[in-house]
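So the chains spell out like this:
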Amino acid sequence: MFCFQCEQTARTDTGAGCATAKGVCGKDETTSDLQDLLIYQLKGIGQYAHLLHQQGRPDAAADSFILYALFTTLTNVNFNRARFQEMIAEAARIRDRLQEAAGTRLAGPAAFQPANDLTGLLAQASIASVRAGLDAAGADVIGLRALVLYGLKGVAAYAHHAEVLGQTREAVGAGIAQALSFLASEPVDIEDILEEALALGRLNFTVMETLDAANTGTYGTPAPTNVRITPVAGKAVLVSGHDLRDLEAVLEATKDMGINVYTHGELLPAHSYPKLHAYPHLAGNYGGAWQNQQQEFAAFPGPVVMTSNCLIEPLPAYRNRIFTMGPVGWPGIKHLGHGDLAIVAQAAKALPGFAETAPEKTITIGFGRDAVLGAAETVIGAVKSGAIKHFFLIGGCDGAAPGRNYYTEFADAVPEDAMVLTLGCGKYRFNTHDFGTIGGLPRLLDLGQCNDTYSALVIAQALAGAFGCGVNELPLSLVVSWFEQKAAAVFLTLLALGVRNVRLGPTLPGFLTPALVDVLVNRFGVLPVTEAKADIAAAMGRAA
């Protein structure tokens, strides 16, 4: 195996990448190799799907499979080798169907025939390695191809979230198929690959707009909401991951049973959606970001439901009471569909729940674009009066690697005449701190999930319009923590929209060579993070 798709990848003096029997994320070599083969097949499906889209004959079922299958390959999503074997077989059937529909045979990944057994599949794995062709193409080309692939995975994940809520767009399926077909051609021209990366960033903006419409159209417009972060006495279920539809299904399966449902990780923003907030047994949020789940799940006195992504190997302390849904999977862990959730309610009733109610503590969330733009006159007035000198968007994924205290230090060091906006699970490093108010508004505004990046971009564009300037002329700095492939998709969107001076950290992706880093720095103004106070001073044009 070889993998360097996420921030936690193993790093040595000779380079970055997990190339051992088990990756840092917990994925074993067999599962990783099967994952690579599936991606190789998806490139082949993409070749035919792209052709059919060009002919005006898209295959919606194939487009949907591509989204789901790509999602399963994200970091901390699916670790179940049996499921990958099933998808490899399914991918071959879909490819054959598209080939027949296209009426032609294509070369490259489109012609790949997977073996019929595990031994045979593993013998084929080298053809699908992310570093295949390294000697001929060079590290810069391989790294930039990886950026496109990992960004594509993030785009597919966002599109899948929208699709399960009924929002699809043919342009999205066409764009993803085109990107897969492009990768299948094994491109070697740096400028061509870079342009494909930017096209993918533009596509992701459309995907995030679609997801926003899916979320708000289904659950209402997020509104500022106080969320309890301490437990109340009673039976309890914990729901983690990202997927709002799966959370709703758990709420439906447990309503009127005396069972309290708590969110975890990136499901915290669910409380700000009116339809979800209306469930009286949505009791609060428990715990913090994904990397703390082993300790937090072990301490939780009820069943745990893991949706969509951010799974870590379940410990024995809770292995018999954790369930997965959607793309997520782990060997030996019960996987549920929406019709299977009675087992979760039964488990909650059988487990002790919280014995007593803890003193109430709350945090405020739900400052999506409608809430912020609804107060636009106040915000603009505060900027013009000098009450607000700067905005810092401190957003992105959290993680366990060293260096992430930077984001806590950064948030705490932001001057009192500046506001802090946040989204993604990185906010857990400081969202219980008291930032006070500024210009009649809370200084800390939680915009939501990483999935809600669209909201942040709309806010920035609206403020730029109000001040008659470009986004890059606003007193706004983006300080982004990346971890996995959704973050790569958002990063490409920022580059595609021309947003400059994005501070990226805590470490740069292992697949970016020094030459590629130079391109990002010199052409797009990307700024690797340094020291928190120095970066704040540089952003505000002040002495540190």
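In short, a report on the structure. Here the structure is a predicted model, which is why all the values come from computation and not from measurement. (Residues numbered from 1 in each chain as written. Predicted model: local features only at pLDDT ≥ 70, side-chain atom pairs only at ≥ 80, totals over all residues. Heavy atoms only, no water.)

## Here's the deal with the overall build of the protein chain
The condition that has to hold: Helix and strand definitions follow DSSP, with helices as H or I runs of at least four residues and strands as E runs of at least two, each counted in order from the N terminus. Based on C-alpha atoms, the radius of gyration is set beside the globule rule, defined as 2.2 Å times the residue count to the power 0.38. For every residue, the accessible area obtained with a 1.4 Å probe (protein chains only) is divided by the maximum for its type, and the residue is called buried under 20%, exposed over 50%, and partly exposed between those limits. Only heavy atoms matter for contacts: two residues are in contact if any of them lie within 4.5 Å across the pair. Using a 1.4 Å probe, the Shrake-Rupley method yields the accessible areas, and only the shown protein chains count as cover for residues. Neither His nor the chain termini are counted; the positive set is Lys and Arg, and the negative set is Asp and Glu. In this description, the location of a charge corresponds to atom NZ of lysine, CZ of arginine, CG of aspartate or CD of glutamate.
In terms of regular secondary structure, the protein chain is built from 19 helices and 18 strands. For a compact globule of 544 residues, the expected C-alpha radius of gyration is about 24 Å, and the protein chain comes in at 23 Å, within 12% of that figure. With the C-alpha coordinates of the protein chain rotated into their principal frame, the extents come out at 65 × 60 × 50 Å. When the 544 residues of the protein chain are sorted by exposure, 60% land in the buried category. Pairs at least 24 residues apart make up 74% of the contacts formed inside the protein chain by residues separated by at least 6 positions. Of the accessible surface of the protein chain, which amounts to about 20,100 Å², a share of 52% is contributed by carbon and sulfur atoms. Between the centroid of the 39 positive side chains of the protein chain and the centroid of its 51 negative side chains there is a distance of 3 Å.

## What about helix 7 (residues 170–184)?
For the record, the criterion: Multiply 1.5 Å by the residue count of a helix minus one, and that product is the helix's expected span.
Taking 1.5 Å as the rise per residue, helix 7 with 15 residues should run 21 Å; its terminal C-alpha atoms sit 21 Å apart, in good agreement. Counting buried residues in helix 7 gives 11 out of 15 residues, a clear majority hidden from the surface. Taken as a whole, helix 7 has its buried residues at Val172, Gly173, Gly175, Ile176, Ala177, Ala179, Leu180, Ser181, Phe182, Leu183 and Ala184. Against helix 1 (29–54), helix 2 (60–72), helix 6 (139–163) and helix 8 (190–219) lie the buried residues of helix 7. In the segment just after helix 7, Glu186 is the residue with positive phi, at about 50°.

## Description of the pairing of strand 4 (residues 235–241)
Using the following cut-off: A pair of strands is labelled paired if DSSP reports no fewer than 2 bridges between them. Here a crossover is taken to be right-handed if, once the strands point away from the viewer, the path from the first strand over the helix to the second is traced clockwise.
Counting buried positions along strand 4 yields 6 of 7 residues, so the element is predominantly enclosed. In this sheet, strand 5 (residues 259–263) lies alongside strand 4 in parallel orientation, the contact comprising 5 bridges. Each bridged residue has a counterpart across the sheet, and for Val237 the counterpart in strand 5 is Val261. Chirality of the crossover, the property in question, places the unit of strand 4, helix 9 (residues 244–254) and strand 5 among those that are right-handed. For strand 4 and strand 7 (residues 304–307), the ladder comprises 4 bridges, and the chain directions are parallel. Within the sheet, the bridge partner assigned to Ser240 lies in strand 7 and is Met306.

## Here we look at the environment of Leu336
Inspection of the secondary structure assignment puts Leu336 in strand 9 (residues 334–336). Relative accessible area serves as the criterion here: at 3%, Leu336 is assigned to the buried category. Distance from Leu336 to Tyr279, taken between C-alpha atoms, is 22 Å for residues 57 residues apart in sequence.

## What about the sheet that holds strand 15 (residues 444–448)?
What the 6 strands build is an open sheet, ordered 15-12-11-16-17-18; its pairing is parallel. Each edge of the sheet is formed by a strand with only one pairing partner; in this case those strands are strand 15 and strand 18 (527–528). With 2 bridges joining them, strand 17 (residues 503–505) and strand 18 adopt parallel strand pairing. Its bridge partner being in strand 18, Arg503 is matched across the sheet by Leu527.

## Structural notes on the packing of helix 1 against helix 3 (residues 81–102)
Rules: Each axis is a line fitted through C-alpha atoms, and for a helix only the stretch in contact is used; angles between axes span 0 to 180 degrees, taken between their N-to-C directions. An angle below 35 degrees is treated as roughly parallel, one above 145 as roughly antiparallel, one from 65 to 115 as roughly perpendicular, and anything else as oblique. Two helices cross in a left-handed way if the nearer one is turned anticlockwise from the farther one by less than a right angle. They cross in a right-handed way if the turn is clockwise. Any residue outside Ala, Val, Leu, Ile, Met, Phe, Trp, Tyr, Cys, Pro, Asp, Glu, Lys and Arg is labelled polar, Gly included; the first ten of those are nonpolar and the last four are charged.
In the contact formed by helix 1 and helix 3, the axes pass within 9 Å of each other and the chain directions differ by 15°. One element, helix 1, and the other, helix 3, form an angle in the roughly parallel class. Judged by the twist between their axes, the crossing of helix 1 over helix 3 is left-handed. In terms of residue class, the contact of helix 1 with helix 3 is built from 17 nonpolar, 6 polar and 2 charged.

## What about the nonpolar core?
The criterion, for reference: The term nonpolar core refers to a set of buried residues drawn from Ala, Val, Leu, Ile, Met, Phe, Trp, Tyr and Cys, joined through side-chain atoms within 4.5 Å.
If you look at the biggest cluster of nonpolar residues, it comprises 168 residues, and the most contacted ones within it are Leu42, Ile176, Val237, Tyr262, Leu276 and Leu447. It is helix 6 that contributes the most residues to this core, 13 residues altogether. Ala418, Phe430, Val529 and Ala532 belong to the second largest nonpolar core, which has 17 residues in total.

## Observations regarding the packing of aromatic side chains
Under the convention used in this document: Pairing of aromatic side chains requires ring centres within 6.5 Å, counting the rings of Phe and Tyr and the six-membered ring of Trp. Pairs whose planes differ by under 30 degrees are stacked, by over 60 edge-to-face, and all others tilted. A positively charged side chain is recorded as over a ring if its NZ (Lys) or CZ (Arg) lies within 6 Å of the ring centre. The angle to the ring normal must also be within 35 degrees.
The final tally for this structure, using the stated rule, is 20 aromatic pairs. One aromatic cluster in this structure is built from Phe2, Phe4, Tyr150, Trp482 and Phe511. Cation over ring: Arg131 sits above Phe2, and NZ or CZ is 3.6 Å from the ring centre.

## Considerations on the environment of Arg369
Within the secondary structure, Arg369 is located in helix 13 (residues 369–374). Note: C-alpha distance between Arg369 and Cys397 (28 residues apart in sequence) is 20 Å. Setting aside chain neighbours within four positions, we find Arg369 in contact with Asp212, Gly374, Tyr454, Ser455, Val458 and Ile459.

## Examining the sheet that holds strand 8 (residues 322–325)
Read across the sheet, 6 strands follow the order 6-5-4-7-8-9 without closing on themselves; strand pairing throughout is parallel. Each end of this open sheet is capped by a strand with a single partner; those strands are strand 6 (282–285) and strand 9. Each adjacent strand pair in this sheet contributes to an overall mean axis angle of 30°, direction not counted. Packed onto the sheet, helix 9 meets strand 4, strand 5, strand 6, strand 7 and strand 8 and runs at close to 170° relative to strand 5. Each of strand 4, strand 5, strand 7, strand 8 and strand 9 is contacted by helix 12 (residues 342–350), which is oriented at about 130° to strand 4, the strand it contacts most.

## Regarding helix 17 (residues 485–496)
Rules: Polar contacts, as used here, are pairs of N or O atoms within 3.5 Å; protein pairs need one atom able to donate a hydrogen and one able to accept it. Residues neighboring in sequence count only if both atoms are side-chain atoms.
The end-to-end C-alpha distance of helix 17, which contains 12 residues, comes to 17 Å, matching closely the 16 Å that a straight helix rising 1.5 Å per residue would cover. Within helix 17, 11 of the 12 residues are buried, which leaves the element mostly enclosed by the surrounding structure. Three or more residues of helix 17 are buried, namely Gln485, Lys486, Ala487, Ala488, Ala489, Val490, Phe491, Leu492, Thr493, Leu494 and Leu495. Where helix 17 begins, the capping side chain belongs to Glu484, and its oxygen is found 2.7 Å from the backbone nitrogen of Lys486.

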